[in-house]
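# Structural features, examined
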Amino acid sequence: YENLQALFEDAEGRLFAGGIGGAFVYENGERKSLIEDDKTVAVITSDRSGNIWVGSSGGLSKINNYRVTARYTTSEGLPGSDVKEIYEDREGNLW
């Protein structure tokens, strides 16, 4: 992937990275692709339940067990498709 824009280490010590072309994870010395597309990943984080969330120029993706399990775009109610930050409030809602 070109031009890394996002890095995140989860509680298990896995390193997630993203940039132009998608996102991947390094675990036990192996690189596994999570998202491969023409979008630019801007942010990667986890919620209190341990789900990984990826914000990109294509919306918001939820990662579980190394697979995209949900995608949110303007069709699902996002005000725009370009997600550059993710914040979890006290009630567990993502903003």
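Presented here is a report on the structure given in the accompanying data block. The shown structure was predicted, so the numbers you read here are calculated from the model rather than taken from an experiment. (Residues numbered from 1 in each chain as written. Predicted model: local features only at pLDDT ≥ 70, side-chain atom pairs only at ≥ 80, totals over all residues. Heavy atoms only, no water.)

## A few points about the overall build of the protein chain
Applicable threshold: Helix and strand definitions here come from DSSP, where helices need a minimum of 4 consecutive H or I residues and strands a minimum of 2 consecutive E residues; each element is numbered from the N-terminal end. For a compact globule the rule gives 2.2 Å times the number of residues to the power 0.38, and the radius of gyration it is set against comes from C-alpha atoms. Three labels apply to residues, based on accessible area from a 1.4 Å probe with only protein chains included: buried if under 20% of the type maximum, exposed if over 50%, partly exposed otherwise in between. Every residue pair with non-hydrogen atoms within 4.5 Å of one another is taken to be in contact. Accessibility throughout is a Shrake-Rupley quantity obtained with a 1.4 Å probe, and a residue counts as covered only by protein chains that appear here.
Check the secondary structure of the protein chain and you find zero helices and six strands. Mapped in sequence order, the helices and strands of the protein chain form the string β-β-β-β-β-β. Here the C-alpha atoms of the protein chain give a radius of gyration of 12 Å, agreeing with the 12 Å that 2.2 N^0.38 yields for 95 residues. Once the C-alpha set of the protein chain is aligned to its principal axes, its extents read approximately 35 × 30 × 20 Å. Across the 95 residues that make up the protein chain, the buried fraction comes to 37%. A separation threshold of at least 6 residues defines the contact pool for the protein chain, and within that pool the share at least 24 residues apart is 31%. Only carbon and sulfur atoms are counted for the fraction: they give 42% of the accessible area of the protein chain, which is about 5900 Å².

## Description of the side chain of Asp89
How we decide: All tallies of charge rest on Lys and Arg as positive and Asp and Glu as negative; His and the ends of each chain are not included. Counted as salt bridges are all cases of a side-chain nitrogen of Lys or Arg within 4 Å of a carboxyl oxygen of Asp or Glu. Under this definition, polar contacts are N or O atom pairs within 3.5 Å; protein pairs additionally need one hydrogen-donor-capable and one acceptor-capable atom, and for neighbouring residues in sequence, both atoms have to be side-chain atoms.
Among the secondary structure elements, Asp89 is positioned in the segment after β6 (67-72). One buried charged side chain, Asp89, makes no salt bridge at all; its nearest oppositely charged neighbour is Arg48, positioned 5.4 Å away. Within the structure, Asp89 has its side chain in polar contact with the backbone nitrogen of Glu91 (distance 3.0 Å). In this view, Asp89 contacts Arg48 and Trp95; residues no more than four positions away in its chain are not counted.

## Remarks on the pairing of strand β3 (residues 30-46)
Rule in force here: Only when DSSP finds a minimum of two bridges between them are two strands counted as paired.
Looking at chain direction, strand β2 (residues 15-27) and β3 are connected through seven bridges and run antiparallel. Bridging across to β3, Val25 finds its partner in Lys32. Counting the residues in the hairpin turn of β2 and β3 gives two residues, including Asn28, whose phi is positive at 50 degrees. Of the strand pairs in this sheet, β3 and strand β4 (residues 52-56) are connected by five bridges, and their pairing is antiparallel. By the bridge assignment for β4, Ile44 is matched with Val54.

## A look at a nonpolar patch on the surface
Inclusion rule: Patch definition: residues above 30% relative accessible area lacking any salt bridge, with like charges linked at up to 9 Å and the nonpolar side chains Val, Leu, Ile, Met, Phe, Trp and Tyr linked at up to 5 Å.
On the surface, Leu4, Leu7, Leu15 and Tyr26 cluster together into a nonpolar patch covering about 390 Å² of accessible area. Counting residues per element, the ones that place at least two in the nonpolar patch are β1 (2-9) and β2. Here Leu15 lies in strand β2.

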